[in-house]
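# Structural description and commentary
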Amino acid sequence: MANQHVSDPTEHAHASHELSFWRKYVFSVDHKVIGLQYCITAWIFLLIGFSLMMLMRWQLAFPYQPVPFLGRFLSPHLAPNGVISAELYNQLGAMHGTIMVFLGIVPLAVGAFGNYLVPLQIGAPDMAFPRLNMMSYWLYLPAGLLMLASFFLPGGAAQSGWTSYPPLADINPGQTVWLLAMVIIITSSLLGSINFLVTTLNMRAKGLTLSRLPVFVWSEMVASVLLLLAFPPLEAASILQLADRVLHTSFYIPAGLVVLGVPSTATGGGQPILWQHLFWFLAHPEVYVLVLPPMGIVAEIIANNTRKPLHGYKTIVASMIAIGFMSFIVWAHHMFISGMAPALSNFFLVTTMIISVPSVAILTCFIYSLKGGSIRFTTPMLFALAFLPMFGIGGLTGLPLGISVTDIYLHDTYYVIGHFHYVVVTGSIVAMMGGVYHWFPKWFGRKMNDTLGKVHFWGTLLCMNGVFFPMFIQGMAGQDRRYWDPMTQLHNVPTQPLHVVSSISAWTLFLFQLPFIYNFFHSMFHGEKADNPWEATTLEWACPSPPPHGNFVKIPRVYRGPYEYSVPGAKTDWIAQDAPEAA
Amino acid sequence: MSSSAVAVNYPGEHSGLTNAKLGIWLFLASEVMLFATLFTSYLVIRLGSSSWPRGWEVLNVPLGTINTFVLITSSVTIILAYAKCMARDKAGFKTYMALTLALAFVFLGIKSVEWGTKFRAHHFPSTNIFFGVYFVLTGLHALHVIGGIILNSVLLFMADKHWDDPLFAGRVEAAGLYWHFVDIVWIFLLPALYLL
């Protein structure tokens, strides 16, 4: 078995010179190129999703005022005199959520970081199915473009929120294209997750047992299982909703539905709540797909910059697996006020409280890892350190939402928005920004500028808190989410100034991303040259930076665990995973 | 370890399964989730429905039964194709693979006769919730049959060129596993729609 490998990496390295531009950079089957394609595409989608929100924030801060500069470029039908209409606001809102979750963070966490790093960290020459990998990307990009194109199609983009609850979503314009694009995105994710699991299970280098895998690889593995098993239900649910819209079935339309005073022509007999169950059966595991890989990134950065082994490796891995299992039985905590049986609510309340235990365990291990370490405050480390309290706020503010009694008051308020943005933005996105700084030398053989990085870090951290913290206050004051004009409800008037704070923070947050964008592209060509600048132990640093086609010049053999930092008696404060015993 | 297992092309402590086999099993796991969701939705909608027609009164049970036998037979022929492949009998492989394809087309033919009858009787997906469930579930299953036809015909046409490729038998096995899954879904669909 051990000698049966077919691929000879050196041969690959030669072959790569003969590839045409198209095969090398566009329709590439190399996991590194695909990873970078995902990386850049996903950041662009994040920027687009963010831009939609910046437009919405104008309406929230200054209702009925024409949008400055941009107003005249908006369609006069959707934005008369440059004022954002309710219809446009709803389109922006639904697309913001969809783009951020399905086209931004998941592809970045799994498609970009996972694709580039998993094969390297396990010492493999590529993914198990390179062509399938290429297909994943080339399904994802057209689906994303289709999603964006829906703004310009008749009927406009989807306007029923990223959750697309029927019966509204069954009758609202724009939804059909959303569903088509979603089915393609889901297919792309499914192909990707199969690829990750097979690669990690089958293609690890000799000596790399499961207990020696870096935490990041574990996090990608759990995320892949979640994608593999949770996405098909949403695919089925989307197919049923698509049938409702195209074939005029009534899977989600109850009998006797009346729309704007007119009885619906649909025959009825369906169940709107069914969609909510199916949607959240995906979307709750999905939350952990958004969070686990960034946690893995934080683990790598922390171990590397504290120069000591990660505290509680086994606890972290076991907690990640526990989160994976539990995430399948907590979904209905999103539905406490949907009219679900109270006994069922209690069940989901209990499971939700239980799933917070492993999450806290992971965070505690990270905090313990800092203890007694001689911490290097590099740019990636700053982002990883910021992740800890920020994700903590996001997680803890979730508990009142998981308890049905308090949720009845807080449900669908700005509090909810504040909660999940703390988890996903100040948590996941901050961690992944750190990941870019950390692995940039691996990708391009050059470091990103440190000063610009620190400007980016502090600006981003401050502004993100400026955007999201006021939402907790507004939510507790009873402000409902998704309102085009919050001022229609009198009780929202006192907290209106907080909308202005949020909006100005959001626009400033955008300005602080400019150094990041400049830094990324400038450092690609002019950054300080570096091979393994962080003196990191894991396998991805055992090959040249950037790695050649086929990755490893010689297939590595692994002799030790992933985080052998400051081992007593060792000559240096780090021992690479592929260093033989006698080092 | 048999020669077909060269598909494992990397040294290391692995699962003992080839990439293709592990991959197809994971894919089938996701397919199980897809159809499990659809069957659950069917149950939820049916249990919440005030009236539900008896399947055998509106659907053609004899045709459904014949189709079941057609699919089960095709599952046998694809196994025989795999066995011939392992025995390095190319002509035998081609015969059984072609037979499998023929049976798949017979299945689709009977299915289209059934659908055609329904359409002529003005029974459409929008007619009522029962026909919505019937057309969407059998339609998705038919799409899976078409997927299998594409997969199997690619293998049939690849046979001459790739017969000596050590990965070939593994691919036939994977196609066989998928085809069995399509068969099993139908075995659940028949009672759910026609008999209950």
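Here the residue index of a chain counts from 1 through its sequence in written order. Note on labels: chains are lettered from A, ligands numbered from 1, in written order. Only residues with pLDDT of at least 70 are given local features in this predicted model, and only at 80 or more are side-chain atom pairs given and counted; all residues enter the totals for whole chains, interfaces and linings. Values reported for side chains reflect all heavy atoms of the structure, with hydrogen atoms and water molecules removed beforehand.

In terms of regular secondary structure, chain B is built from six helices and zero strands. Each helix and strand of chain B, ordered N terminal to C terminal, gives the series α-α-α-α-α-α. For the C-alpha atoms alone, the extent of chain B along its principal axes is close to 60 × 35 × 20 Å. Buried residues in chain B amount to 51% of all 196 residues. Throughout, a contact is declared for two residues whenever any of their heavy atoms are within 4.5 Å. Sequence separation of 24 or more characterises 77% of the internal contacts of chain B that already satisfy a separation of 6 or more. Think of it this way: any DSSP run of H or I at least four residues long counts as a helix, any run of E at least two long counts as a strand, and we number them from the N terminus. Note on exposure labels: buried denotes an accessible area under 20% of the residue type's maximum, exposed denotes more than 50%, and partly exposed covers the range between, all computed with a 1.4 Å probe on protein chains only.

The next thing to look at is the overall build of chain A. Of regular secondary structure, chain A possesses 17 helices and two strands. Here the radius of gyration uses the C-alpha set of atoms, whereas the globule reference equals 2.2 Å times the residue count to the power 0.38. Taking 583 residues into account, the globule formula puts the C-alpha radius of gyration at 25 Å, and chain A, at 24 Å, falls close to it. Once the C-alpha set of chain A is aligned to its principal axes, its extents read approximately 80 × 55 × 45 Å. For chain A, buried positions account for 62% of its 583 residues. Of the contacts formed within chain A by residues at least 6 apart in sequence, a portion of 79% connects residues at least 24 apart. All accessible areas in this document rest on Shrake-Rupley with a 1.4 Å probe, and a residue is counted as covered only by the protein chains that are shown. In the structure as shown, chain A presents an accessible area of about 21700 Å², 71% of it carried by carbon and sulfur atoms.

Below, the discussion takes up the environment of Thr426 of chain A. Residue and element names in this part refer to chain A. Relative to the helices and strands, Thr426 resides in helix α15 (residues 414-444). Considering only alpha carbons, one finds Thr426 and Lys371, 55 residues apart in sequence, at a separation of 23 Å. Counting of polar contacts relies on pairs of N or O atoms within 3.5 Å, with two restrictions inside protein: one atom must be capable of donating a hydrogen and the other of accepting it, and residues adjacent in sequence are counted only when both atoms are side-chain atoms. Of note is the side chain of Thr426, whose polar atom sits 2.5 Å from the backbone oxygen of Tyr422.

Before going further, it helps to spend a moment on the confidence of the model for chain B. Residue and element names in this part refer to chain B. Per-residue confidence for chain B gives a mean pLDDT of 91, with 93% of residues at or over 70. Of all helices and strands in chain B, the one with the weakest mean pLDDT is helix α2 (residues 55-58) (90), whereas helix α4 (residues 90-120) scores best (97). The predictor rates its confidence in each residue with pLDDT, a number between 0 and 100. Confidence drops under a pLDDT of 50 for residues 1-12, and excluding neighbours within four residues, the segment shows 41 contacts in the predicted structure. The ipTM assigned to the predicted complex is 0.92, against a pTM of 0.93.

Our focus in this paragraph is the nonpolar core. Working definition of a nonpolar core: buried Ala, Val, Leu, Ile, Met, Phe, Trp, Tyr and Cys residues. They are joined through side-chain atoms within 4.5 Å. Of all hydrophobic cores here, the largest spans 244 residues; its most connected members are Phe113, Phe366 and Trp443 of chain A. Sequence-distant contacts of Trp443 of chain A, that is, excluding residues within four places in its chain, are made with Leu36, Cys39, Phe113, Tyr116, Val436, Phe520 and Pro546 of chain A.

Moving on to the interface of chain B and chain A. Taken residue by residue, the interface counts 38 residues in chain B and 48 residues in chain A. Definition used for salt bridges: Asp or Glu carboxyl oxygen within 4 Å of a side-chain nitrogen of Lys or Arg. Where chain B meets chain A, there are zero salt bridges. At the junction of chain B with chain A, the criterion picks out three residue pairs in polar contact (both at pLDDT 80 or more). For the side of chain B that touches chain A, the leading source of residues is helix α1 (residues 19-47) of chain B, giving 15 residues. Only Asp, Glu, Lys and Arg are considered charged, only Ala, Val, Leu, Ile, Met, Phe, Trp, Tyr, Cys and Pro nonpolar, and every remaining residue, Gly among them, polar. Along the lines of polarity and charge, the residues of the side of chain B that touches chain A split into 22 nonpolar, 15 polar and one charged.

Scanning all chains against the criterion turns up 11 salt bridges over all chains. In this structure, the salt-bridge partner of Glu564 of chain A is Arg560 of chain A, at a minimum N-O distance of 3.2 Å. One salt bridge in this structure joins Lys94 of chain B and Asp160 of chain B, with 2.9 Å as the shortest N-O distance. Placement of Lys94 of chain B in helix α4 and of Asp160 of chain B in helix α5 (residues 129-162) is noted, with a sequence separation of 66 residues between them. Counted as one network, the salt bridges with shared partners bring together Arg307, Glu535 and Asp573 of chain A.

Residue and element names in this part refer to chain B. Packing of α4 against helix α6 (residues 168-195) leaves a shortest axis separation of 13 Å and a crossing angle of 25°. Taken together, the axes of α4 and α6 lie roughly parallel to each other. The interaxial crossing formed by α4 with α6 has left-handed handedness. Each of Phe93, Thr100, Ala104, Phe107, Lys111 and Glu114 in α4 lies in contact with α6, whose residues at this interface are Phe168, Val172, Trp179, Trp186 and Tyr194. Looking at the contact of α4 with α6 residue by residue, the class counts come to eight nonpolar, one polar and two charged. Each axis is a line fitted through C-alpha atoms, and for a helix only the stretch in contact is used; angles between axes span 0 to 180 degrees, taken between their N-to-C directions. By definition in this entry, angles of less than 35 degrees are roughly parallel, angles greater than 145 are roughly antiparallel, angles of 65 to 115 are roughly perpendicular, and the rest are oblique. Here is the rule for handedness: rotate from the far helix to the near one, and if that takes an anticlockwise turn smaller than a right angle the crossing is left-handed, while a clockwise turn gives right-handed.

With that settled, the discussion passes to the side chain of Asp183 of chain B. Residue and element names in this part refer to chain B. Along the chain, Asp183 turns up in helix α6. Of the side chains bearing the opposite charge, Lys111 lies closest to the buried Asp183, which forms no salt bridge; the N-O distance is 13 Å. Residues in contact with Asp183, not counting those within four places in the same chain, are Leu71, Ile72 and Ser75. Here the positive residues are Lys and Arg and the negative ones are Asp and Glu; neither His nor the chain ends is included.

For the rest of this paragraph, the subject is a nonpolar patch on the surface. Residues and elements named next belong to chain A. What goes into a patch is any residue over 30% in relative accessible area without a salt bridge, connected to like charges within 9 Å or, for nonpolar side chains (Val, Leu, Ile, Met, Phe, Trp, Tyr), within 5 Å. Residues Ile40, Ile44, Leu47, Leu511, Leu514, Ile517 and Phe521 make up a contiguous nonpolar surface patch of about 560 Å² in total accessible area. Elements with a minimum of two residues in the nonpolar patch: α3 (31-61) and α17 (496-526). When residues in the nonpolar patch are grouped by element, the largest group, four residues, is from α17. Its place among the elements puts Ile44 in helix α3.

What follows covers the environment of Phe50 of chain A. All names here are of chain A. Topologically, Phe50 is positioned in helix α3. Taking the relative accessible area as the measure of exposure, Phe50 reaches 13% and is therefore buried. C-alpha of Phe50 to C-alpha of Thr265: the two residues are 215 residues apart in sequence and 39 Å apart in space. Leaving out residues up to four positions away in the same chain, Phe50 has contacts with His96, Met100, Ala506, Leu509 and Phe510.

Residues and elements named next belong to chain A. Expected helix span is given by 1.5 Å per residue-to-residue step, counting one fewer step than there are residues. Over its 18 residues, helix α12 (residues 379-396) extends 26 Å from the first C-alpha to the last, a length consistent with the 26 Å expected when each residue adds 1.5 Å. Phe387 marks the point of greatest bend in α12, at about 25°, and the proline Pro389 comes within the next four residues. Most of α12 sits inside the fold, with 14 of its 18 residues counted as buried. To get the bend at any residue, fit one axis to the seven residues that end at it and another to the seven that begin at it, then take the angle between the two axes.

Turning next to the packing of aromatic side chains. We call Phe, Tyr and Trp rings a pair once their centres come within 6.5 Å, taking the six-membered ring for Trp, and we label the pair stacked below 30 degrees between planes, edge-to-face above 60, and tilted otherwise. Summed over all chains, the structure comprises 62 aromatic pairs over all chains. Centre to centre, the rings of Trp22 of chain A and Phe27 of chain A are 6.4 Å apart; their planes meet at 20°, and the pair counts as stacked. Overall, the relative accessible area of 53% leaves Trp22 of chain A in the exposed class. Exposure remark for Phe27 of chain A: the relative accessible area of 35% places this residue in the partly exposed category. Ring pairs connect the aromatic residues Tyr42, Trp52, Phe107, Trp115, Phe119, Phe124, Phe130, Phe131, Tyr134, Phe135, Trp186 and Tyr194 of chain B, which therefore count as one cluster. Each ring is checked for a lysine NZ or an arginine CZ that lies within 6 Å of its centre and within 35 degrees of its normal; such an atom marks a charge sitting over the ring. One residue, Arg88 of chain B, lies across the ring of Trp163 of chain B, its end atom 4.5 Å from the ring centre.

Turning our eyes to something else, we now look at the environment of Glu220 of chain A. Within the fold, Glu220 of chain A resides in helix α8 (residues 215-246). Sequence-wise, Glu220 of chain A and Ser193 of chain A are 27 residues apart; in three dimensions their C-alpha atoms are separated by 9.0 Å.

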